[in-house]
Amino acid sequence: MSSSKISKVVARRVWDSRGNPTVETDVYLENGAMGRAIAPAGASRGTREAVDLRDGGDRLGGMDVQGAVANVNEKLAPAMIGRDVLDQKGIDAQLIEIDGTKLKSAIGGNAMIATSLATLHAAAAYNEKPLWAHVASAYGRKPTMPLPEIQIFGGGAHAGRRVDVQDFMVMVPGAETFDEAMEITSNVYRAAGKIMAKRGHMAGVADEGGWWPVFSSNEEALETLTQAIEDAGEVPGERVIISLDIAASEFGNKDGYKLALEDRAIDTDGMIEILGKWIEKYPIASIEDPLAEDDVAGNQAFTKAFGDKVQIIGDDYLVTNAELVRQAAKDKACNAVLVKVNQAGTVSEAVETFEAANEVGYRSIVSARSGETEDVSITHLSIGLGAGQLKVGSFTRSERMAKWNECIRLQEEKEIGAFVGGEPLKNTWWKK
Ligand SMILES: C=C(OP(=O)(O)O)C(=O)O
Ligand SMILES: [Mg+2]
């Protein structure tokens, strides 16, 4: 039998969609197989997520990753060589041990996730399986096509804080196929672009490909999005619903929130009231980070008020951490978790979070970061785990389309369960 032992690990500096350097790792096996992955990078980051190691001083705005690359080549590689690539858990545990910090700040979350993901790719290559199939068999999951969650307008930290809300997205739970969900979303995207162009507000796209938010209020963005759904020939709330990432930690905390665009300071109750009005008025079926990451009482109150109506996703609030998911379930805060591999820092910890979500009955949405590359690992993870939903960003940016187009290809695989768009939102108003 050919050897599944790791023979070489090499990292290098490559570039992401914001022009920032990031880490790419190659893992080679004795039998000649190889896996490669690139670390993504967030802009609206939770304080409890794994941190990237950045350096460079004045060069590259202190965003360089030479130290992280060196850590892979000099510290992780020697420990990995000779290990069985099929032991993802053991390898990840070793990476965690070498780092030795709570937030992966010594080796760097960027170094850790590129290496952990590359190990997963190498194991798939050893098994001569596509990544999704390896993930499904390694974790005992039924592979399934996800419901796409796609940005139409960007905002928040991804668009110079032109509006407070970070992501104005749509999902098409009423689509019959993944392909149809993409087609309908692209119609909405282009309709939204036409509205902006007509208003003389067409100003390019934000970090994840949604149109640049030239609006005078958060609500104007919601109105425009609803209009775009109509212009695309759809009845808002029928096949197409709105989903929002408020990313509230970016403009507030438990002591108060500052809606910069509207020049308003409000408290937790005020935030819940505004969001409640939006849920009343617009066809919103999913909201991410409605309150700040430290606002436990706010997240609890919001979930109590709207948890049986909309999907409530913890991103900065749960930072792809299994313990925090279990705690949130005890606290009755949120009913879904965003799974971002680099928030956890290793594949094993991200999968553990996904499994914890399943245990407590929370939905999972595998997600990209605002800084991305051509790496399509998350497409395979979402399908292989049968996570149900995938959040990536939008048209106009190929680092996003690489992931969506990989979904399009994979829907042709007979072993991948059919798209059941409505299923992930079945406990929301969309389908009781
Ligand atoms: C994808 C997101 O943005 P970032 O990667 O900047 O955290 C998000 O907040 O869900
Ligand atoms: Mg988010």
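On a predicted model such as this, the values are computed, not experimentally measured, just so you know.

Caption draft 1: Layout of the pattern of salt bridges. Evaluation of the coordinates by the stated rule reveals 31 salt bridges. Notably, a salt bridge pairs Asp52 with Arg54, separated by 3.4 Å at the nearest N-O pair. Taking relative accessible area as the criterion, Asp52 reaches 16% and is therefore assigned buried. With relative accessibility at 21%, the residue Arg54 sits in the partly exposed group. Note that Glu399 and Arg400 form a salt bridge whose closest N and O atoms lie 3.1 Å from each other. By the burial criterion, Glu399 is buried, and Arg400 matches it. Put simply, Arg12, Glu24, Asp26 and Arg36 are held in one network by salt bridges that share partners.

Caption draft 2: How the structure looks around the coordination of the magnesium ion (ligand 2). At 2.0 to 2.2 Å from the magnesium ion (ligand 2) lie its protein donor atoms, namely Asp245 (OD), Glu288 (OE) and Asp315 (OD). Read in sequence order, the donor residues for the magnesium ion (ligand 2) give the motif D-x42-E-x26-D. Highlighted residues: Asp245 in strand β6 (residues 241–245) and Asp315 in the loop between β11 (311–314) and α9 (322–331), separated in sequence by 70 residues. The two residues Asp245 and Asp315 agree in class, both being buried.

Caption draft 3: Structural context of helix α6 (residues 218–231). With 14 residues, α6 extends 20 Å between its outermost C-alpha atoms, agreeing within 8% with the 20 Å of an ideal straight helix rising 1.5 Å per residue. Every buried residue of α6 is accounted for by Asn218, Glu220, Ala221, Leu222, Thr224, Leu225, Thr226, Ala228 and Ile229.

Caption draft 4: Geometry of the site of ligand 1. Around ligand 1, 15 residues are found, and the nearest of them are Ala43, Ser44, His158, Ser370 and Lys391. Between ligand 1 and Lys340, the relevant distance is 3.1 Å, taken from an oxygen atom to a side-chain nitrogen or oxygen of the residue. For ligand 1, an oxygen atom lies 2.6 Å from a polar atom in the side chain of Ser370. Relative to its unbound accessible area of 290 Å², ligand 1 is 99% covered by the protein chains. Across the shell around ligand 1, the residue classes tally to 3 nonpolar, 5 polar and 7 charged. When we break the shell around ligand 1 down by domain, the ones giving at least three residues each are domain 1 (6–128) and domain 2 (147–425).

Caption draft 5: Just the domain arrangement of the protein chain, in detail. Here the protein chain is partitioned into domain 1 (6–128) and domain 2 (147–425). Once you take the C-alpha centre of each, domain 1 and domain 2 turn out to be 27 Å apart. Between domain 1 and domain 2, the residue contacts involve 30 residues of the former and 31 residues of the latter. For the domain 1 and domain 2 pair, buried surface summed over both sides reaches about 2,600 Å², with 51% attributable to carbon and sulfur atoms.

Caption draft 6: Layout of the pairing of strand β12 (residues 336–339). Neither face of β12 is open: one carries Ala336 and Leu338, the other Val337 and Val339, and all of them are buried. Of the strand pairs in this sheet, β11 and β12 are connected by 2 bridges, and their pairing is parallel. Paired with Ile313 across the bridge in β12 is Ala336. In this fold, the crossover linking β11 to β12 by way of α9 has right-handed handedness.

Caption draft 7: Structural context of the sheet that holds strand β7 (residues 252–253). Strand order across the open sheet formed by 3 strands is β7-β8-β9, with antiparallel pairing between neighbours. Strands with a single pairing partner mark the edges of an open sheet, and in this sheet they are β7 and β9 (264–266). In this sheet, β9 lies alongside strand β8 (residues 256–259) in antiparallel orientation, the contact comprising 3 bridges. Paired with Tyr257 across the strands is Ile266, a residue of β9. On the sheet, helix α7 (residues 268–281) packs against β8 and β9 and is oriented at approximately 110° with respect to β9.

Caption draft 8: Looking closely at the UniProt feature "domain: Enolase C-terminal TIM barrel" (unreviewed entry) in the protein chain. Taking the UniProt record as the reference, the feature "domain: Enolase C-terminal TIM barrel" (unreviewed entry) is found at residues 142–427. Spanning residues 142–427, this segment combines 38% helix with 17% strand, and its end C-alpha atoms are found 21 Å apart.

Caption draft 9: Quick peek at the packing of helix α3 (residues 109–126) against helix α4 (residues 131–138). Direction vectors running N to C along α3 and α4 enclose 95°, while the axes themselves pass 9 Å from each other. In terms of axis orientation, α3 runs roughly perpendicular to α4. Where α3 abuts α4, its residues Leu120, His121, Ala123 and Ala124 lie against Leu131, His134 and Val135. Per-class residue counts for the contact of α3 with α4 are 5 nonpolar, 2 polar and no charged.

Caption draft 10: How the structure looks around the side chain of Thr25. Its place among the elements puts Thr25 in strand β2 (residues 21–29). A residue is classified by how much of its surface remains accessible, and Thr25, at 0% relative accessible area, is buried. Here Thr115 takes part through its side chain, which lies 3.2 Å from a polar atom of the side chain of Thr25. Setting aside anything within four residues of it in sequence, one finds Thr25 in contact with Val9, Val10, Ala11, Gly35, Arg36, Ala37, Val72, Ala111, Ala114, Thr115 and Ala118.

Caption draft 11: Expanded view of the sheet that holds strand β4 (residues 147–154). Around the barrel, which closes on itself, the 8 strands sit in the order β4-β5-β6-β10-β11-β12-β13-β14 with mixed pairing between neighbours. Going from strand to strand, the sheet's axes swing by 30° on average, the running direction of each strand aside. Sheet topology places β6 next to strand β10 (residues 284–288); 4 bridges connect them, and they run parallel. From the neighbouring strand, Asp245 faces β10, where its bridge partner is Glu288.

How each quantity is defined
Residues numbered from 1 in each chain as written. Chains lettered and ligands numbered in written order. Predicted model: local features only at pLDDT ≥ 70, side-chain atom pairs only at ≥ 80, totals over all residues. Heavy atoms only, no water. Salt bridge = Lys/Arg side-chain N within 4 Å of Asp/Glu carboxyl O. Buried < 20%, exposed > 50% of the residue type's maximum accessible area, 1.4 Å probe, protein only. Donors = N, O, S within 2.8 Å, 3.2 Å for Na, K, Ca; no water. Helix = DSSP H or I, 4+ residues; strand = E, 2+ residues; numbered from the N terminus. Expected span 1.5 Å × (residues − 1). Near = heavy atom within 4 Å. Polar contact = N/O pair within 3.5 Å; in protein donor to acceptor, adjacent residues only side chain to side chain. Areas by Shrake-Rupley, 256 points an atom, 1.4 Å probe, with all protein chains shown as cover. Nonpolar A, V, L, I, M, F, W, Y, C, P; charged D, E, K, R; others polar. Domains from an automatic or database assignment. Contact = heavy atoms within 4.5 Å. Buried area = accessible area lost by both parts, 1.4 Å probe. Pairing = 2+ DSSP bridges. Right-handed = clockwise from strand over helix to strand, strands pointing away. Axes fitted to C-alpha atoms, helices over the stretch in contact; angles between N-to-C directions. UniProt positions renumbered as here; feature names shortened; annotations may be inferred. Parallel < 35°, antiparallel > 145°, perpendicular 65-115°, else oblique.

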